[in-house]
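# A look at the structure
Chain by chain, the residues:
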Amino acid sequence: MALCLIGSVGIIPENITMTVSMTASAEDAIYEISDDGVLTVNDMSKFKGKNTPSKEEIPTITEIVIADGVDNIKDNAFKDYMAVEYVTIPESVTTIGASAFEGCTSLLYVEIPESVTEIGVACFSGCKALAEIDIYAPLTAIPSSAFKNCKALTNINIPETVETIGSEAFYSTGLKSVTVPDSVITIEGSAFAECASLKNAFIGNGVTNIGKQAFYDSSLQSVTFGRNIASIGNEAFWHTNVSTVTYNGTEQDWKKVTTDRDRNPLNSSSFTYLVKYGDANEDGVVNISDAVLIMQSISNPSEYKITETGIANADIVDRGSNLTTQDALAIQMMEAKLIKAETLPITAEDISNIASGKTE
């Protein structure tokens, strides 16, 4: 039988090495490359070393398809696949590794499905043709350099689950406007630096810290700050064109923000303060009518309604709690010159002490 087999295929010289399929069927293959340049990766756990496309094959790959069932995309998996234009990521994937698609300079579009919980540092860095990205994933962080140098990226929808935007996350991108959701707490250094087309930034109410040079050398013209901003790093807005600032708080609150005030370019901007303590009816003044509206809204909320801004204005006692009769009392005490506007917000204990004459 052995002689018959040799006779059917011929005798193979000892110095010839045979190239054989690593698997028995196409669906079991670690990866496949179609004639039209589609790379399908079936087993990411074995996609490494010799089990990846050759240097000659990589320039022919224009599309990457991650097979359903793959749960992660490895670090550096497709780094510098410069001809790739599209990527398909299935719902089975939960993590995308660091630099996974870094340097894919022809990549035009990518969708990150809601199954993904984490993306790695520099995962799409240098994808200069990336014009659109849809993020459905409940990410808690946009990591450092994630979209750095994505020159064609003009718009980004940051998920409302993100808490941190890492350093240089959107450095030198084509963003024209950015809205940072209320879920974000920290914007790290240089996150939006050198964005030459960035005109407007809307920073959510959850942001407490903005890092050094966060918007350095961008083209910002207007910035809206959320009410909880506590610190702004040095040079965060240097070399920008910010002329208008909107702050979701009072002028007194803004003065409490930690920043390099002597060298802050925002000093020359025109400020609008959205909150005026005590102005429940938003008529621009604080008087007894505001106290009356608060009392009416407490006793009959269906008939007497206060807007969201009015509530922010009226919430001056133990700020952050629901409106109470204490807020109305504080406004009356302001009318009676017992409380000064610059001392607001105030605590219920202080109200009690002032009312009893224990303090001025």
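Notes on the structure in this doc start here.

About the criteria used
- Residues numbered from 1 in each chain as written.
- Predicted model: local features only at pLDDT ≥ 70, side-chain atom pairs only at ≥ 80, totals over all residues.
- Heavy atoms only, no water.
- Buried < 20%, exposed > 50% of the residue type's maximum accessible area, 1.4 Å probe, protein only.
- Helix = DSSP H or I, 4+ residues; strand = E, 2+ residues; numbered from the N terminus.
- Pairing = 2+ DSSP bridges.
- Axes fitted to C-alpha atoms, helices over the stretch in contact; angles between N-to-C directions.
- Parallel < 35°, antiparallel > 145°, perpendicular 65-115°, else oblique.
- Contact = heavy atoms within 4.5 Å.
- Nonpolar A, V, L, I, M, F, W, Y, C, P; charged D, E, K, R; others polar.
- Lys, Arg positive; Asp, Glu negative; His and termini not counted.
- Salt bridge = Lys/Arg side-chain N within 4 Å of Asp/Glu carboxyl O.
- Expected span 1.5 Å × (residues − 1).
- Arc of directions from axis to C-beta.
- Patch = residues over 30% accessible without salt bridge, like charges linked within 9 Å, V, L, I, M, F, W, Y side chains within 5 Å.
- Areas by Shrake-Rupley, 256 points an atom, 1.4 Å probe, with all protein chains shown as cover.
- Charge placed at Lys NZ, Arg CZ, Asp CG, Glu CD.

### Here we look at the pairing of strand E12 (residues 177-180)
- Across the two faces of E12 the burial differs, with Val178 and Val180 buried and Ser177 and Thr179 not buried at all.
- Summarising the sheet, E12 and strand E14 (residues 200-203) pair through 4 bridges and their orientation is parallel. Residue pairing across strands places Ser177 opposite Asn200, the latter belonging to E14.

### As for the packing of helix H3 (residues 288-299) against helix H5 (residues 325-335)
- It is the contact of H3 with H5, at a shortest axis distance of 8 Å, that shows an interaxial angle of 170 degrees. What the angle tells us is that H3 and H5 run roughly antiparallel. Counting all contacts with H3, which are made through Ile288, Asp290, Ala291, Ile294, Met295 and Ile298, the residues of H5 involved are Thr325, Asp327, Ala328, Ile331, Gln332 and Glu335.
- Grouping the constituent residues of the contact of H3 with H5 by class yields 7 nonpolar, 2 polar and 3 charged.

### Section: the side chain of Asp290
- With respect to the helices and strands, Asp290 occurs in helix H3.
- As a buried residue without a salt bridge, Asp290 has its nearest oppositely charged side chain in Lys276, at a separation of 8.5 Å.
- Sequence-distant contacts of Asp290, that is, excluding residues within four places in its chain, are made with Gly278, Asp279, Ala280, Asn281, Val285 and Ile331.

### Here we look at the sheet that holds E14
- Read across the open sheet, the 5 strands follow the order E12-E14-E16-E18-E19; overall the sheet is parallel. The open sheet has two edge strands with one neighbour each: E12 and strand E19 (270-273). Averaged over all pairs of adjacent strands, the angle between their axes in this sheet comes to 10 degrees, without regard to strand direction.

### Section: H3
- Along its 12 residues, H3 runs 17 Å from first to last C-alpha, staying within 8% of the 16 Å computed at 1.5 Å per residue.
- Buried residues of H3: Asp290, Ala291, Leu293, Ile294 and Ser297, and no others. The buried residues of H3 occupy an angular sector of 160 degrees when projected down its axis, which confines them to one face.
- The elements touched by buried residues of H3 are helix H4 (308-314) and H5.

### Observations concerning a negative patch on the surface
- Together, Asp68, Glu91, Glu111 and Glu114 make up a region of like negative charge exposed at the surface.
- Here Glu111 lies in strand E7 (residues 109-112).
- For Glu111, a relative accessible area of 35% corresponds to the partly exposed category.

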